[in-house]
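Summary of the model geometry
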Amino acid sequence: MTFTLEGPVLEGTRVRLEPLGQRHAAGLAEAAEEDRSSYRFTWVPTTAEVEEYVDIQLGRADAGKMAPYAQVDPASGRVLGATAYWDPRAWPDRDGLYAIEVGFTWLAASAQGTGANIEAKYLMFRHAFETWGVARVDLKTDARNGRSRAAIEATGARFEGVLRNWSRSWAPGEDGRLRDSAIFSITAEEWPDRRVRLEQRVARDPARRQPAPVAR
């Protein structure tokens, strides 16, 4: 495999995806501490953990397993959260990828419901299908996480089933335990239709809440 997993800056109107670096750590900490009530099933660092969190993600990037991003408000430059390309799978008989996962996604409470998530997914799907030429994009979440499942379904991804004891649980009090993961996907054949729908939604849906201004 000669493909190198590197995610470029992906620019939208409500979110800009910047390759993750330690320069984003303070902003990630501020975003994560706004209100943690929606993070029950998701790995979101606390202020004390954020530098290690970034180091772990960058280590995965160095190993060729991940292209991590900070999600940034284009207007203010405020860090809104994080996301990543993950688990690249190469064609067995030629260069390039046939599949990639979009995951490790979280947003500050004030950025949820603003349209940032749906636009970020659109930007990442478009790059994966139209630049990398993948045949499939995966998404997965804790099977108990109804809110995350609904957000994934809103992108047009198809639910494929639940894989039992698939990966570690991030739920409080479940250290060392495994979770059941709900698996979704979009295929290359489905992408043209999903692209149109996502573009229509990004253009149509007004931001219901505006992110707070950058602290000075």
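Structure: see above.
What you are looking at is a predicted structure, and each value in this text was computed from that prediction instead of being measured.

1. Regarding the overall build of the chain
The helix and strand inventory of the chain stands at five helices and eight strands. Listed N to C, the secondary structure of the chain is β-β-α-α-β-β-β-α-β-α-β-β-α in terms of helices and strands. Since a compact globule built from 216 residues should have a radius of gyration of about 17 Å, the 17 Å found for the chain is in line with a globular shape. With the C-alpha coordinates aligned to their principal axes, the bounding extent of the chain is approximately 50 × 45 × 35 Å. Within the chain, the fraction of its 216 residues that count as buried is 49%. Across the chain, the fraction of contacts at a sequence separation of at least 24, relative to all contacts at a separation of at least 6, is 65%.

2. Some thoughts on the packing of helix H3 (residues 116-130) against helix H5 (residues 191-204)
Packing of H3 against H5 leaves a shortest axis separation of 10 Å and a crossing angle of 150°. In terms of orientation, H3 lies roughly antiparallel with respect to H5. Seen along the crossing, H3 lies across H5 with a hand that is left-handed. When H3 is examined against H5, the residues Ile-118, Glu-119, Tyr-122, Phe-125, Arg-126, Phe-129 and Glu-130 are found in contact with a partner set consisting of Trp-191, Arg-195, Leu-198, Glu-199, Arg-201 and Val-202.

3. A short note on the nonpolar core
The biggest cluster of nonpolar side chains holds 36 residues, and the ones touching the most others in it are Tyr-85, Ile-100, Phe-125, Trp-132, Val-134, Val-137 and Leu-139. Listed by contribution, the elements that provide at least two residues to this core are strand S3 (66-72), strand S4 (79-90), strand S5 (97-107), H3, strand S6 (136-142), strand S8 (178-187) and H5. The greatest single-element share of this core, amounting to nine residues, is contributed by H3. Filtering out sequence-adjacent residues up to four positions away, Trp-132 remains in contact with Phe-3, Leu-5, Glu-6, Tyr-85, Leu-97, Ile-100 and His-127.

Rules used in this analysis
Residues numbered from 1 in each chain as written. Predicted model: local features only at pLDDT ≥ 70, side-chain atom pairs only at ≥ 80, totals over all residues. Heavy atoms only, no water. Helix = DSSP H or I, 4+ residues; strand = E, 2+ residues; numbered from the N terminus. Rg over C-alpha atoms; globule rule 2.2 N^0.38 Å. Buried < 20%, exposed > 50% of the residue type's maximum accessible area, 1.4 Å probe, protein only. Contact = heavy atoms within 4.5 Å. Axes fitted to C-alpha atoms, helices over the stretch in contact; angles between N-to-C directions. Parallel < 35°, antiparallel > 145°, perpendicular 65-115°, else oblique. Left-handed = near helix turned anticlockwise from the far one by under 90°. Core = buried A, V, L, I, M, F, W, Y, C linked by side-chain atoms within 4.5 Å.

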